[in-house]
Amino acid sequence: MSSTSENKPHRIGFVSLGCPKATVDSEHILTQLRTEGYDIVPSYADADLVVVNTCGFIDAAVEESLDAIGEALDENGKVIVTGCLGAKGDIVKQTHPNVLAVTGPHATDEVMKAIHEHLPAEHDPFLDLVPPQGIRLTPRHYAYLKISEGCNHRCTFCIIPSLRGDLVSRPVNDVLLEAERLAASGVKELLVVSQDTSAYGVDVKYRTEFYNGMPVKTRLTELCEALSQFGIWVRLHYVYPYPHVNEVIPLMAEGKILPYLDIPFQHASPRILKAMKRPASAENTMQRINQWREICPEITIRSTFIAGFPGETEEDFQQLLDFLDEAQLDRVGCFAYSDVDGAKANELDGAVPEDIKQERVARFMEKQAAISAEKLKQNIGRTRDVIIDAIDTQENMIIARSSSDAPDIDGLVYIEMTDKHPVNVGDITQVTITDTDEYDMWAKFSD
């Protein structure tokens, strides 16, 4: 049964904002749209309807999301809103009353129901071809693998539990089947994400399930062990520092997963960590870091911190700077604290003036830049595995990442093109590092 010009598929425009977890939500919606025969188009003018997947975590993200919704309404007129901003009460409807529907995050079924109401599908879904790995927004050679939704913690600066609920772990069999499909489609790097990756399986009491006839616990260590069988890079993000995180470090040392740990410490002052309702202390954290490095000397530790949290004194901030000196972390980001509507931290005394917050962020980043420069300099002359992200023929340059660098948030490796070493995007190859700066490296192909 062939389609006619009178029965063309409906066309959907899609705007995806926010974090990697939101990207995965977008990919699920896009996959379902294609499964049901909708076309995905890149412009407002060509779309019959636009879906905007929003972020609502901090005020800047709320503003960006509301602006994106307004632009879609101005340019197209038919807009469905989903994502974290949709879970924040009536803010979307109050700002943009003409949107067709609003849902919260992780709501593929609700989004599809709204689309069906305003733009019913006109096709036989069994005639539509969707690749087995689904529709993805990332390049073909890497993909985000979301293993759970929600979070059981109640950090005072965060509203994720109110937006996405408590922790709900995906069945380990489903996670491994998705990873298998992604690897079979040509993905070379899996970026494991969730709100709290190390809590995977807590909600189901680490239930044992079966993948290809083999028992696998719904637990981070066993999941990492199972993911290693696909022979591709596996990178862990958003890891909360539970004691059992120590168990995955030997897997890194054995080369089963990448020696890379994204673990947001947020601060080093015990007083501020307590106000944030974060665990541990700088002393305990240093013990853990030293232990990890002893087991896996090649480990890259990435973290993020908040400067200017309510009540933060100069002494607290100096403790944070001292921690940077001692910890010598590899990849670090710092953000000025900003009020988030609905966060408990808004109620705390001791708001830090904006100019002091920005000054502390600048001091933090200046110190970390010097640490990063020294650590990267140690790579000069070393051979590193890199994954090719892009090839710029005009500049005669290959843009890659080392195993120490996640896409979009970490540094790059620049390699001069040569006819002797042809490569394609997604290839993993070896290079020799020739130069470095604070964040990036330059290299040549290893002979």
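Further up the page is the structure itself.
Residues numbered from 1 in each chain as written. Predicted model: local features only at pLDDT ≥ 70, side-chain atom pairs only at ≥ 80, totals over all residues. Heavy atoms only, no water.

1. Re the environment of Thr-103
Turning to step 1, where the next piece is worked out: Structurally, Thr-103 is set in the loop between strand S5 (101-102) and helix H4 (108-118).
Turning to step 2, where the next piece is worked out: Once the C-alpha coordinates of Thr-103 and Ile-40 are considered, the two residues, 63 residues apart in sequence, prove to be 20 Å apart.
Turning to step 3, where the next piece is worked out: When sequence neighbours within four positions are dropped, the list of residues in contact with Thr-103 reads Val-81, Thr-82, Gly-83, Gly-86, Glu-110 and Val-111.
Turning to step 4, where the next piece is worked out: Within the structure, the side chain of Thr-103 is placed 2.7 Å from the side chain of Thr-82, a separation counted as a polar contact. (Helix = DSSP H or I, 4+ residues; strand = E, 2+ residues; numbered from the N terminus. Contact = heavy atoms within 4.5 Å. Polar contact = N/O pair within 3.5 Å; in protein donor to acceptor, adjacent residues only side chain to side chain.)

2. So, the sheet that holds strand S4 (residues 79-83)
Turning to step 1, where the next piece is worked out: With respect to topology, five strands assemble into an open sheet ordered S2-S1-S3-S4-S5, the strand pairing being parallel. With one partner strand each, in any of the chains shown, strand S2 (39-41) and S5 form the two edges of the open sheet.
Turning to step 2, where the next piece is worked out: As paired elements, S4 and S5 share two bridges and run parallel to each other. Paired with Ile-80 across the bridge in S5 is Ala-101.
Turning to step 3, where the next piece is worked out: Helix H1 (residues 20-35) contacts strand S1 (11-16), S2, strand S3 (49-54) and S4 of the sheet and is inclined by roughly 175° relative to S1.
Turning to step 4, where the next piece is worked out: Along the sheet face, H4 touches S1, S3, S4 and S5 and points at about 160° away from the line of S3. (Pairing = 2+ DSSP bridges. Axes fitted to C-alpha atoms, helices over the stretch in contact; angles between N-to-C directions.)

3. Comments concerning the packing of helix H6 (residues 172-184) against helix H7 (residues 220-227)
Turning to step 1, where the next piece is worked out: Across the interface, H6 lies against H7 with an axial gap of 11 Å and an inter-helix angle of 25°. Classified by the interaxial angle, the pair formed by H6 and H7 is roughly parallel. Helix-helix and strand crossings are classified by hand; for H6 and H7 the assignment is right-handed. Where H6 approaches H7, its residues Val-172, Val-175, Leu-176 and Ala-179 are matched on the opposing element by Leu-223, Ala-226 and Leu-227. (Parallel < 35°, antiparallel > 145°, perpendicular 65-115°, else oblique. Left-handed = near helix turned anticlockwise from the far one by under 90°.)

4. A word on H6
Turning to step 1, where the next piece is worked out: Compared with an ideal rise of 1.5 Å per residue, which puts 13 residues at 18 Å, H6 spans 18 Å between its outermost C-alpha atoms and is within 8% of the ideal.
Turning to step 2, where the next piece is worked out: Residues Val-172, Val-175, Leu-176, Glu-178, Ala-179 and Leu-182 constitute the buried set of H6. The buried residues of H6 occupy one face: seen down the axis, they fall within an arc of 160°.
Turning to step 3, where the next piece is worked out: Taken from the residues just after H6, Gly-186 is the one with a positive phi, measuring 110°. (Expected span 1.5 Å × (residues − 1). Buried < 20%, exposed > 50% of the residue type's maximum accessible area, 1.4 Å probe, protein only. Arc of directions from axis to C-beta.)

These values are about where atoms sit, not about what they do.
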